[in-house]
Amino acid sequence: MDQKAIATLLELAAKSLLSNEPAAIHALEELPRDLFVPLFIDAFLGGHKKILKAMVRAWPFHCLHIGALSIQESYYEILEAMTDGLQIHPDQNSSSWESKLRILDLRQDPDCGTTCSEISTTFPFCFQSCVYSRHSILKTEEAQHNVKCLGIVNSESELPSTQKPIELLVDLSFNSTLRTKQFLSFLQSKVEQSFGSLHLCCRDLQIDKISAHKSVLQFLDLGCIDHLELNQAYLNEVTTLLAQMIHLNSISLSNISFKHRKGEDFRAFLIQLGQLDNLQELSFALFCLTDQLHKLLRILPPQLDTLCLSFCGLSNRDITVLSQSSQATYLRLLNLSNNQIFSEVYEPFRNLLEKVSGTLQYLEINNCLVTDSTLSAVLPALSHCTHLHVLSFAFNPITMPLLMDLLQHLTCLMELKHVIYPVPVHCYEQWNFPGSLDRQKLAEVQAQLTAMLQVVQRDDMTWTTCPE
């Protein structure tokens, strides 16, 4: 029997079990290992909370990942049921269902399978194991192994023999919704009940209004986090967080308040930001940097490949500094939207395009007062960005003739697949004024651009406008 037929039979067996929940739970003790994964997938997608809890307790592999699976209804209930199945108490481990599970990964990751291939090793193996925290299962077991090798007994660093360290991976979003608060409270309770055997590892943390969540932050191991998204905070609060998140590779900050760009808070923030050697992605929004970008670039690692500076009040001086920076030769994504950087001269931006032409893949300059003359002047440099995948320059006062000229020049960029262009000014009774758009004229523009793409055989390239 071929592998495809075997897989089909396993799926049918899993669906049959799920039709009788009590029988499915009872059968887990004798269930073949090969049936666990298809049964888990069907149980997760079907929202069978009791079965999922029981499966976590009886899981025969070292790790369990949600991976590419997704569910909208009762999402938190599903995660809570799975977490509840973890054997974090000694009395639970006395069960006849001896779980091998050491890592429960509740993050959605399209590149991650349900379980990792098992490799012979002294400690539990998983591609997603925490490597930073001293509370990770790898470091905990390594410490216990060393203690045993040295013949030390009753060490405080060793958990009771019936307790095995377990890792719970989860992405967290701190917001004001009641259900989110309940989920965070549930996780905090589980960590406290485990008496050190459960390591909560958060890699992606989103915080909306930090002042409302300071108490909840205290139960997190901030050293695990590699992506931070923070909205609405004081700069000194951000600095305090960064001091504990030393392994960050991605930061997104918006609505950050501070008194003065030359003040002590700003200097302390830059010093702390400069300690993040792994940083690759940096995004600021509503963060005033007028004539101060040189201070920021000076402390950022040269390998930075993503830089988003929307609503940052950038000046032409800032763009000149960016074009001369070491980071410009590595950037893959650059977002300068909502800065009036073209109100005076275009030379700084043209120089910047020339500097990033060898690496740039995504460029956004929405609402930057780009005019026909500006775009015409930078078009030669833009045409040299041969790796460009996405170009977005919506909400700029561009005319139809210039738009057509731009299309003819950009179709030679074979990697460019998506262009988000501004509605030409002739489609408005009054440019960019709400309610003044003539949709018939816009439809004619779209039809004309589509026809031009067909003539040059670039059906793989899409030109669209942003909704008004």
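Up top you'll find the structure we're talking about.
Before going into details, it helps to say that this report is about the structure given with it. (Residues numbered from 1 in each chain as written. Predicted model: local features only at pLDDT ≥ 70, side-chain atom pairs only at ≥ 80, totals over all residues. Heavy atoms only, no water.)

By the definition in use, this model includes 13 aromatic pairs. Taking the centre distance of 6.0 Å and the plane angle of 55° together, the rings of Tyr75 and Tyr76 count as tilted. What makes Tyr75 partly exposed here is its relative accessible area of 24%. With a centroid separation of 5.9 Å and an interplanar angle of 45°, the aromatic rings of Tyr421 and Trp463 are classed as tilted. Taken together, the residues Tyr421 in strand S14 (residues 418-421) and Trp463 in strand S15 (residues 462-465) connect sequence positions 42 residues apart. (Phe/Tyr/Trp six-rings, centres within 6.5 Å; stacked < 30°, edge-to-face > 60°. Buried < 20%, exposed > 50% of the residue type's maximum accessible area, 1.4 Å probe, protein only. Helix = DSSP H or I, 4+ residues; strand = E, 2+ residues; numbered from the N terminus.)

By the criterion of burial, strand S10 (residues 306-310) is predominantly enclosed, with 5 of the 5 residues buried. Taking every second residue as pointing to the same face, both faces of S10 are buried, with Thr306, Cys308 and Ser310 on one and Leu307 and Leu309 on the other. Taken together, the 5 bridges between strand S9 (residues 281-285) and S10 define a ladder with parallel strand orientation. Residue Ser283 lies in a different strand from S10, and its bridge partner there is Cys308. Pairing between S10 and strand S11 (residues 333-335): 3 bridges, direction parallel. Counted as the bridge partner of Cys308 is Asn335 from S11. At this point the chain moves from S10, through helix H13 (residues 316-323), to the parallel S11, and the crossover so formed is right-handed. (Pairing = 2+ DSSP bridges. Right-handed = clockwise from strand over helix to strand, strands pointing away.)

This part takes up the sheet that holds S9. Taken in spatial order, the 11 strands line up as S4-S6-S7-S8-S9-S10-S11-S12-S13-S14-S15 in an open sheet, and their pairing is parallel. The open sheet terminates on both sides in strands that have one partner only, identified here as strand S4 (172-174) and S15. Here the strands of the sheet are splayed against their neighbours by 10° on average, with no regard to which way each runs. Judged from the 5 bridges that link them, strand S8 (residues 250-257) and S9 form a sheet pairing that is parallel. (Axes fitted to C-alpha atoms, helices over the stretch in contact; angles between N-to-C directions.)

If you walk across this open sheet you meet the 4 strands as S1-S2-S3-S5, and the pairing is parallel. Each having just a single partner strand, strand S1 (63-67) and strand S5 (198-201) make up the two edges of the open sheet. Strand after strand, the sheet turns through a mean of 10° between neighbouring axes, direction not considered. By the bridge criterion, 4 bridges tie strand S3 (residues 166-169) to S5 in an arrangement that is parallel. Each residue of the ladder has a partner; that of Leu168, found in S5, is Leu200.

Leu205, Phe269, Leu336 and Trp463 are the most contacted members of the largest nonpolar core, which totals 134 residues. If one sorts the elements of this core by residue count, helix H3 (residues 33-46) sits on top with 7 residues. Leave out the neighbours within four places in its chain, and Leu205 touches Leu172, Phe174, Leu217, Leu220, Ile225, His227, Leu228, Glu229 and Met245. (Core = buried A, V, L, I, M, F, W, Y, C linked by side-chain atoms within 4.5 Å. Contact = heavy atoms within 4.5 Å.)

Residues Trp463 and Thr465 point to one face of S15 and are all buried, whereas Thr462 and Thr464, pointing to the other face, are not buried. The sheet contact formed by S14 and S15 spans 4 bridges and is parallel. In the sheet register, Val419 faces S15, and the bridge partner there is Trp463.

Turning our attention to helix H8 (residues 178-193). The terminal C-alpha atoms of H8 lie 23 Å apart, and with 16 residues this matches the ideal 22 Å at 1.5 Å per residue to within 8%. All of the buried residues along H8 are Thr180, Phe183, Leu184, Phe186, Leu187 and Lys190. Axial view of H8: buried residues confined to an arc of 155°, hence all on one face. Away from its buried face by more than 90 degrees, H8 exposes Leu178 and Glu192. Taken together, the buried residues of H8 touch helix H5 (75-84), S3, S4, S5 and helix H9 (214-217). One or two positions beyond H8, positive phi appears at Phe195, with a value near 55°. (Expected span 1.5 Å × (residues − 1). Arc of directions from axis to C-beta.)

Excluding glycine, most residues fall at negative phi; most peptide bonds, likewise, are trans. Unlike most non-glycine residues, Phe195 shows phi in positive territory, near 55°. Phi is positive for Gln457, close to 60°, though the residue is something other than glycine. Checked against the element boundaries, Gln457 lands in the loop between helix H17 (439-455) and S15. By relative accessible area, Gln457 is classed as exposed at 68%.

Our next topic: the packing of helix H16 (residues 400-410) against H17. Between H16 and H17, whose axes approach to 11 Å, the crossing angle comes to 25°. The angle between H16 and H17 places the two elements in the roughly parallel class. Crossing hand, H16 versus H17: right-handed. Within the contact between the two elements, H16 uses Met400, Leu403, Met404, Leu407 and Gln408 and H17 uses Val445, Gln448, Leu449, Met452 and Leu453. Among the residues making up the contact of H16 with H17, the classes are represented as 8 nonpolar, 2 polar and no charged. (Parallel < 35°, antiparallel > 145°, perpendicular 65-115°, else oblique. Left-handed = near helix turned anticlockwise from the far one by under 90°. Nonpolar A, V, L, I, M, F, W, Y, C, P; charged D, E, K, R; others polar.)

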